[in-house]
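# A structural walkthrough
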Amino acid sequence: MSNTVNNTSLEKDLQVDWDAKEVYKTFYNQHIDATFVLDLEGKIQNVNESAERLIGCSKMDLLNQPFLPMVEKGKRVEMIHLFRRVMKGQPQETKCSINSKLSSTIIVNFVAVPIKQNDRIIGVVGVANDITQQVTLEREMKQSHERFKSVFENHPDAVYTIDLQGNIQYCNDVVLEFTGLSREEISKPFYELLAPEYQAYAMKKFNEALSGDSVKYHAVLIRADGKSLDFHMTHIPMFSDGNVTGVFGISKNISELREYEEKLSKAQKELSLVQFVSNVGNWDYDVISKEAIWSEQLYRIYGIEDIENFKPSLGNYLSMVHPDDADEFKKNCMDAYFSGEAFSFEYRIIRKDGVERIVHEQGNTIRAEDGTVRRMIGTVHDITEYRQTEARLEQTEAQAQTIYNNLKEVIWSIDIKNRSILFCTDEFEELCGFKLQEVLQNPTLWDRYIHRDDAKKIVEIMTDIRNGKEIFEQYRLRHFSGEVKWINVKAIPFCDQEGKLIRLDGIMWDVTEQKKAEEKLYKAAFQDYLTELPNRRSFENYIETAIKLHHEERETFALLYLDLDRFNAINDRLGHSVGDELLKQVAQRLKNCSENHFSARLSGDEFAVCIPRLQTTAQAINAAQEIMEALEQPFRYRDYDLFISASIGISIYPMDGDHAAELVKNADTALSHAKEKGKNTYQVYTKEMNQESFRKYCLERDMRKAIELNEFEVYYQPKVDAKAEEIIGAEALLRWEHKRFGSVSPGEFIPIAEDSGFITEIGTWVFKNVCQQLKEWEKNDLPFVPISINISPQHFLKKDIIELVKTSVAEFGIDPASIELEITETSLIHYSEVVQNTMSTLKDIGVKISLDDFGTGYSSLSQLQNFQFDTLKIDQSFIKNVLIKKEDSVITSSLISLAHGLGMNVVAEGVELEEQLEYLKQNDCDQIQGYIYSKPLRVKDFEDLLKKGLFN
């Protein structure tokens, strides 16, 4: 209340007139703030001392001066409005800067109050409080606060403040980023953000901060998404008036650092392990301090177990160097020190346990800015086992070299890039006749000694090798001496990353003897031992290959099947040695006729010729004719001139067969037809031949049943006395009336019977049938005439022929003299002693023997004397041309004279003309047989002829 009374009194005192100034003057002059009295125009009417000090001018200099120019320009308009409001009786307050002579500007808090007298405003009192320091301090505090805020908000780490209860009050955005929480969610006790196992420890450290100590510790924060982060936590107490009012926190995310530390730790462990495994240690030597740092492995290398009590000094280091290597060691180290260059050398050490080891040391120097060496670093590699292994390897290589040089195989290795030999055994020169180095210097040398037939293969081999392909090949090499050698080569190429050949390793060995043995085996398996032509197996392989090749290329080829005519007669008559020589010469002529053809000996006197890439059938026929012409020329062997011909069957692929078996069968069928055509000819296969083959098959099949079905019948052709022209005998001739084919000629079914072996059964049936017929004629009192029966060579050479004659003669009770057996020259050629014994026995029985078709075979004249035949039959081939060919006429007359001289009757068969008959009579031929008198007759017709007895 006293303050209110005082203020009221003061107000009354101020409103006194200008003369009552004592109180006002005292207050005015002693006021601490600068006080200005302004009239209504804003001019200064009075100032106190504080105002003089503030402005830096005396009162006299300020009186009647306008106040407004003293205000900073930016505030003058505002100050004008301020004065106007004061003039209206409204006190005003503002902050502004006033120009002072003592300093550029002074910031003041300006209060303006109207001066009233008699309720009329007569002026303004302005009080200016100097707040320059306050404003400057506030500005600095604001700037400091802004800087702190900027640092706080832009700090890379999580920054926050915590109240005394541990709650987070304020934090930067990094805290939100790390925690994954919003600002609303972050206002909680800070320790709740940590992993449970770290919360108690964090609270302990927080309490230490509240006690006034800054603390640091490690903790793990759990994010809102459950992920964990490692943090380095720092808590700093915040003071106010000496009291802790909170805690300032900084949390640095060290997750990456921890991961890096783990990786570094792992790397250090792995490095230590690598050094342990590789037995390499490292060192670091400080030249200035003479101190060294060793890795754990280096201690191991030097055998030092008590690491704590061992100082890795240069002296200790030198003490373990082998005495013999110490000088060299010092020299290398000093050279590196003075030159500042890297170094590398080997030496021996003697470990603390006395064991000697070999080490390889390499290192480098580290220089200061002045160029002097300050540090030396390096590694020590224990290479004892390596050197020992190397020594053993050198010993092994020396042993291997000794072994290699004593092996038959050639082993070599060539550096292609540098054209140098890495390794080569001595056998190379022995095998090839020249050195491998000569080949590298002159590559054409190798080409010169490769067999020309293998040149193309070598080009292909070299292409494969350049492409990095491993090869295993066999080829021929002409030795320097001229000998051809077969070699096996295995080569292994090595290429760089670009695929370029850089090295070639290989092994080669001589397989000449093996190839010779293989060739012998091949010849044994695929070559005829006698003629050296391919054999049947080789022929079969060739046919299969030819079919495949010609099928793919849609071409044809011809197969010629050859069979030598009458070869068996020569072989049996002149011996196997002559026959073998004949086969050799035939093979050679086949080679000469068919240089581009394939020729083979299949068996015995059977050959085959293949003509590839046939253009026309005429080409095959021409080849067949050429072969026949070549074989018609006489074969000379010792004193013999041998004559032989060939029958040839031709089949064409694929018209006559698209597989081997069919093609061969049809060629063989054509060959059979060629033989039937009289031999020394060729036949091209036709489908009709298969019909004939089927007929032959049927005849052979049905022949065995013909006797049972009484399809066979014996005809008789009379033999007539040339002078008396009376029947004095007859020849039994077999006929066959087939139920399907009708009458079958003996010329057709007899060869089939001979080939099938059934000729003996037929001969037996005929013999018994004739014996039975002779008995019938005897009973019927028909004139007696002897009957000639043809006996095949197969039958005659059987032991049972004698038994057959004896039993049949006895069975039918006939005179043995009524039977005459006709045999051919073939029977004489085979087993002459057997034939002679058989003939002798039969003649003793009373049976007469006749030699049939004499002159058509290879029997000699001496055999006529040795075998003592009763009758000689001249073959109809001579009789046919006796009137037109002088040779046949001479032979026929000579045979008649020869036979008579030996006491034999002569029978001319196949007589058909009167002129032939007259010639034979003139030359004293005994008997005539032929169509001029009678064809072969059935029994009834022959009986009628017998009754007549004479021919007119």
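Now for a description of the structure that goes with this document. These numbers were taken from a predicted model, which means no experiment stands behind them.

How each quantity is defined
- Residues numbered from 1 in each chain as written.
- Predicted model: local features only at pLDDT ≥ 70, side-chain atom pairs only at ≥ 80, totals over all residues.
- Heavy atoms only, no water.
- Pairing = 2+ DSSP bridges.
- Helix = DSSP H or I, 4+ residues; strand = E, 2+ residues; numbered from the N terminus.
- Axes fitted to C-alpha atoms, helices over the stretch in contact; angles between N-to-C directions.
- Contact = heavy atoms within 4.5 Å.
- Parallel < 35°, antiparallel > 145°, perpendicular 65-115°, else oblique.
- Left-handed = near helix turned anticlockwise from the far one by under 90°.
- Nonpolar A, V, L, I, M, F, W, Y, C, P; charged D, E, K, R; others polar.
- Core = buried A, V, L, I, M, F, W, Y, C linked by side-chain atoms within 4.5 Å.
- Buried < 20%, exposed > 50% of the residue type's maximum accessible area, 1.4 Å probe, protein only.
- Phe/Tyr/Trp six-rings, centres within 6.5 Å; stacked < 30°, edge-to-face > 60°.
- 1 Å grid on protein atoms, 1.4 Å probe; cavity = no way out; pocket = protein on both sides within 12 Å on 5 of 7 lines; lining within 4 Å.
- Points joined across faces, edges and corners; volume = space filled by probe spheres on them.
- Expected span 1.5 Å × (residues − 1).
- Salt bridge = Lys/Arg side-chain N within 4 Å of Asp/Glu carboxyl O.

## Quick notes on the sheet that holds strand β21 (residues 556-565)
Strand order in the open sheet made by the 5 strands is β22-β23-β21-β26-β27, with mixed pairing throughout. Looking along the sheet, the strands with just one partner apiece sit at the ends: β22 (598-603) and β27 (682-684). Across the sheet, the axes of successive neighbouring strands diverge by a mean angle of 20 degrees, strand direction being ignored. Sheet topology places β22 next to strand β23 (residues 606-614); 5 bridges connect them, and they run antiparallel. Opposite Arg-601, over in β23, you have Phe-607 as the bridge partner. Lying on the sheet, helix α23 (residues 617-632) is in contact with β21, β23, β26 (645-653) and β27; it crosses β26 at an angle near 165 degrees. Helix α24 (residues 660-676) contacts β21, β26 and β27 of the sheet and is inclined by roughly 145 degrees relative to β26.

## Considering the packing of helix α27 (residues 759-779) against helix α29 (residues 800-812)
The interhelical angle for the contact between α27 and α29, taken along N-to-C directions, is 25 degrees, at an axis separation of 9 Å. Comparing the axis directions of α27 and α29 gives the class roughly parallel. The way α27 lies across α29 gives a crossing that is right-handed. Contacts from Thr-764, Phe-767, Lys-768, Cys-771, Gln-772 and Lys-775 of α27 reach α29 at Leu-804, Val-805, Ser-808 and Phe-812. Grouping the constituent residues of the contact of α27 with α29 by class yields 5 nonpolar, 3 polar and 2 charged.

## Considerations on the nonpolar core
Counting residues in hydrophobic clusters, the biggest one holds 75 residues, and the most contacted among them are Ile-787, Ile-819 and Leu-821. If you tally residues by element for this core, the top one is α27, at 9 residues. Apart from residues lying up to four places away in sequence, Ile-787 is in contact with Tyr-716, Ala-730, Ala-732, Val-770, Leu-774, Trp-777, Ser-818, Ile-819 and Glu-820. Core analysis: the next-biggest nonpolar cluster, separate from the first, contains 34 residues, Ile-570, Phe-607, Ile-627 and Ile-650 among them.

## Structural notes on the packing of aromatic side chains
The full count for this structure, using the stated rule, is 31 aromatic pairs. Ring centres of Phe-329 and Phe-345 lie 5.7 Å apart, and the angle between their planes is 70 degrees; on these two criteria the pair is classed as edge-to-face. In this pair, Phe-329 is assigned in helix α13 (residues 323-339) and Phe-345 in strand β13 (residues 343-350), connecting sequence segments 16 residues apart. For the pair formed by Phe-329 and Phe-345, the shared burial category is buried. Taken together, the ring pairs in this structure connect Trp-283, Trp-294, Tyr-299, Tyr-302, Phe-310, Tyr-317, Phe-329, Phe-343, Phe-345 and Tyr-347 into an aromatic cluster.

## A look at the layout of surface pockets
Space inside the second largest pocket adds up to approximately 820 Å³. Ile-414, Val-439, Trp-446, Met-462 and Leu-504 are, among the 27 residues lining the second largest pocket, the residues nearest its centre. Going through the elements one at a time, β16 (410-415), α16 (436-441), α17 (444-449), α18 (455-466), β18 (471-478), β19 (484-495) and β20 (501-510) are the ones with two or more residues in the lining of the second largest pocket. The leading source of residues in the lining of the second largest pocket is α18, at 7 residues. In terms of residue class, the lining of the second largest pocket is made up of 21 nonpolar, 1 polar and 5 charged.

## Some thoughts on unusual backbone geometry
The omega angle of the peptide bond from Tyr-653 to Pro-654 is 5 degrees, so this bond is cis rather than trans. Mapped onto the secondary structure, Pro-654 falls in the loop between β26 and α24. Residues other than glycine seldom take positive phi values, yet Asp-119 does so here, at roughly 60 degrees. The topology assignment puts Asp-119 in the loop between β4 (105-116) and β5 (121-130).

## What about α27?
A turn of α-helix holds 3.6 residues, and therefore any two residues three or four places apart point the same way. Look at α27: 30 Å from first C-alpha to last across 21 residues, which is about the 30 Å you get at 1.5 Å a residue. Turning to α27, its buried residues number three or more, namely Ile-759, Thr-760, Ile-762, Gly-763, Trp-765, Val-766, Phe-767, Val-770, Cys-771, Gln-773, Leu-774 and Trp-777.

## Overview of the sheet that holds strand β17 (residues 420-424)
Strand order in the open sheet formed by 5 strands is β17-β16-β20-β19-β18, and the pairing between neighbours is antiparallel. A single partner strand is all that each edge strand has here, and the edge strands are β17 and β18. Pairs of neighbouring strands in the sheet enclose a mean axial angle of 25 degrees, with direction left out of account. Its contacts with the sheet put α18 on β18, β19 and β20, and the angle it makes with β18 is roughly 145 degrees.

## A word on the pattern of salt bridges
What the rule picks out here adds up to 38 salt bridges. For Asp-510, the salt bridge goes to Lys-485, with nearest N and O atoms at 4.0 Å. Taken together, the residues span a long stretch of sequence, with Asp-510 in strand β20 and Lys-485 in strand β19 at a distance of 25 residues. Here Glu-555 makes a salt bridge to Arg-613, at a shortest N to O gap of 3.2 Å. Within this pair, whereas Glu-555 is found in the loop between α20 (536-552) and β21, its partner Arg-613 is found in strand β23, the two being separated by 58 residues in sequence.

## Points about the pairing of β4
As defined by bridge partners, strand β3 (residues 92-99) adjoins β4 across 8 bridges and the pair is classed as antiparallel. Along β4, the bridge assignment pairs Ile-98 with Ile-106. One ladder, built from 9 bridges, connects β4 with β5; its direction is antiparallel. Across the sheet, Val-108 pairs through a bridge with Asp-130, a residue of β5. The hairpin turn running from β4 into β5, its antiparallel successor, is 4 residues long, and Asn-118 in that turn takes a positive phi close to 60 degrees.

## Concerning empty space enclosed by the protein
Within this structure, the stated rule accounts for 2 cavities of 30 Å³ or more. By volume, the largest cavity amounts to about 130 Å³. Every residue lining the largest cavity is counted, 13 residues in all, and those nearest its centre are Tyr-160, Leu-193, Leu-221, Met-233 and Ser-251. Elements supplying a minimum of two residues to the lining of the largest cavity: β6 (158-162), α7 (173-179) and β9 (228-240). Broken down by element, the lining of the largest cavity gets its largest block of residues, 3 residues, from α7. Classifying every residue of the lining of the largest cavity by side-chain character gives 11 nonpolar, 2 polar and no charged. Considering only enclosed or pocket space, the second largest cavity measures out at about 30 Å³ in volume. Surrounding the second largest cavity, Lys-75, Glu-78, Met-79, Leu-82, Thr-94, Lys-95 and Cys-96 form its lining. A class-by-class count of the residues in the lining of the second largest cavity yields 3 nonpolar, 1 polar and 3 charged.

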